[in-house]
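Structural overview for review
In case you want the letters, here they are:
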Amino acid sequence: MNEQTFMKLMNILPKSALSTAVGMATRLPAPAPLHRAAIKAFAKMYNVDLAEAEHALEKYPTFAEFFTRGLKTGSRPVDPGQKVVVSPVDGAVSQVGYAEHGRVMQAKGIHYSVGELLGDEEAAKPFHGGAWTTIYLSPRDYHRIHSPLGGKITGYAYIPGEFWPVNPASVKNKQALFCVNERLVTYLDTVAGKCAVVKVGATCVSRIKAAYEDVITHLGKPGKVHRYDTAIPVEKGGELGRFEMGSTVILVFEPGRVKWDDSLQPEAVVRMGRRIGEIP
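Bear in mind that the values here come from a model prediction, so they are computed numbers and not experimental data.

Examining the nonpolar core
Grouped burial of nonpolar side chains is what soluble globular proteins tend to show. Judged by nonpolar contacts, the single largest core of 34 residues is most densely connected at V197, F253 and W260. Elements supplying a minimum of two residues to this core: β5 (131-136), β7 (151-159), β8 (183-190), β9 (193-200), β10 (207-210), β11 (226-234), β12 (239-244) and β13 (248-253). Excluding anything up to four places from it in sequence, W260 contacts V85, V96, G97, Y98, A131, W132, T133, L251, F253, I276 and G277. Judged by nonpolar contacts, the second largest core, of 29 residues, contains A99, V114, V171 and V198.

Brief notes about the side chain of E182
Residue position: E182 is located in the loop between α8 (177-180) and β8. There is a polar contact of 2.8 Å between the side chain of E182 and the side chain of Y158.

Some details on the UniProt feature "modified residue: Pyruvic acid (Ser)" (unreviewed entry) in the chain
Within this structure's numbering, the places UniProt gives as "modified residue: Pyruvic acid (Ser)" (unreviewed entry) are S247. Position of S247 among the secondary structure elements: in the loop between β12 and β13. Of the residues examined, S247 reaches a relative accessible area of 0% and is grouped as buried.

As for the sheet that holds strand β14 (residues 259-260)
Read across the open sheet, the three strands follow the order β1-β16-β14; overall the sheet is antiparallel. The open sheet is flanked by β1 (84-86) and β14, the only strands paired with a single partner. Pairing of β14 with strand β16 (residues 275-278), which is carried by two bridges, proceeds in the antiparallel orientation. For K259, the partnering residue across the bridge sits in β16 and is E278.

Some words on unusual backbone geometry
Positive phi, close to 55 degrees, is recorded for N47, a residue that is not glycine. On the secondary structure map, N47 appears in the loop between α3 (32-46) and α4 (63-67). The residue E267 is not glycine, and still its phi comes out positive at about 80 degrees. The residue E267 is located in the loop between β14 and β15 (269-270) in this model.

Concerning the packing of aromatic side chains
What the rule picks out here adds up to seven aromatic pairs. Ring geometry for Y60 against F66: centres 5.7 Å apart, planes inclined by 80 degrees, an arrangement best described as edge-to-face. Note on F66: relative accessible area 0%, which makes it buried. Seen from their ring centres, Y112 and F178 are 6.3 Å apart, and the 80 degrees between their planes marks the pair as edge-to-face. Pair noted here: Y112 is in strand β4 (residues 110-113) and F178 is in helix α8, with a separation of 66 residues, a long-range link. Look at Y112 and you get buried, because its relative accessible area is 0%. For F178, a relative accessible area of 2% corresponds to the buried category. Members of the aromatic cluster, joined through ring pairs, are F42, Y46 and F67. One cation-aromatic arrangement involves R69 over F66; the distance from NZ or CZ to the ring centre is 4.6 Å. Of note, R227 hangs over the ring of Y187, and the distance from its end group to the ring centre comes to 4.6 Å.

Here is what the cut-offs are and how they apply
Counting restarts for each chain, with residues numbered from 1 along the sequence as it is written. The predicted nature of this model means local features are confined to residues of pLDDT at least 70 and side-chain atom pairs, given and counted, to a pLDDT of 80 or more, with totals for whole chains, interfaces and linings taken over all residues. Remark: hydrogens and water are excluded; side-chain values derive from all non-hydrogen atoms of the structure. In these notes, a set of buried Ala, Val, Leu, Ile, Met, Phe, Trp, Tyr and Cys residues joined through side-chain atoms within 4.5 Å is what counts as a nonpolar core. Three exposure classes are used, based on accessible area relative to the maximum for each residue type with a 1.4 Å probe and protein chains only: buried under 20%, partly exposed in between, and exposed over 50%. Only DSSP runs of H or I reaching four residues or more are called helices, and only runs of E reaching two or more are called strands; each is numbered from the N terminus. Whether two residues touch is decided by their heavy atoms; if any such pair falls within 4.5 Å, the residues are in contact. Pairs of N or O atoms within 3.5 Å make up the polar contacts considered here, provided that, within protein, one atom can donate a hydrogen while the other can accept it, and that residues adjacent in sequence are counted only when both atoms are side-chain atoms. UniProt positions are given in the numbering used here, feature names are shortened, and annotations may be inferred rather than shown by experiment. Two strands pair if DSSP finds at least two bridges between them. Pairing of aromatic side chains requires ring centres within 6.5 Å, counting the rings of Phe and Tyr and the six-membered ring of Trp. Pairs whose planes differ by under 30 degrees are stacked, by over 60 edge-to-face, and all others tilted. The rule is short: NZ of Lys or CZ of Arg within 6 Å of the ring centre and within 35 degrees of the ring normal puts a charge over the ring.

What follows is the structure in C-alpha cells.
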C-alpha cells in the first residue's frame, strides 16, 4: 500500500473507536494458555527481548500488563552526572533540534509550534528557542517513560485529540500530527530549568497513564495545565508514566540550557537512561 492510499484509508477509519476496542481487548483476562500464546506470538513478530522482562510470561494475567511491563533490575542503568541528560525512553530518534521562533520540525517541510504541541501558548513561551527531540517507540520497545534529569514534577496537562498512527507515512504526510493526536504533558523543573515531556497517543494507543497522579487519558476530562501547590520530587530515570501500546515522546527544554550530543541524529537508537545531551 502506497503512502497516499494509506493516508486516505486512515482518514476514514474510526481511529478512536478502534483504539478503545483494542485497549479493552488487551486488558481482558483470558485463559492462561491463550494469552501466553498471544504474548509469545507478539514477541516473535516484533523481536521483543523477553530476557529483559521483569517477570516470566506466566506472571502477566493480561496482554496489557505484559506490554507495559517493567524491566529486570539493572537492565537500564542511568548514566550518572548532574549535567548529563538521559533518554526518557527506549526508541529511535525521529527529529532533533532547537525550537527557533518556537517552531519544531516534524518532517521535511512540516513544522508546528510549541504552543500547538502543549495546547497552551502561555505554557509554551519558556521553551521558545530551546532544545527538543522526538523519539518513536516501536512495538518491540519498553513502554515506560522516565525523567531525563533529576528535579520536580510541577504539573501536567491532558490534551484530548485524534488517534492517527505515528509511523513514517503519517509523520511525513499529516500536518502537525503530534499536535492533533491525544497527549499527556508532564512539566518538570530540573537542574536545566523547565522541561516538558510530551507523551503522544496513536492508533491503538488507547491510554497513557501517569505514574505520579491518577491520570489516564482517553477517560478523564481535559482541562488547563494543572499546577501542583507542592511539586513532586523525581530522580533522573524516575518513572513518569507508560503507554498502553506504542507511540512517541517529545522532550522540550528552555533555550540555552541543554546541548544535544552529536550522536543524537534522526534514526539513532536510544535507550532509557543513556546519555543524549548535557547542560553546557
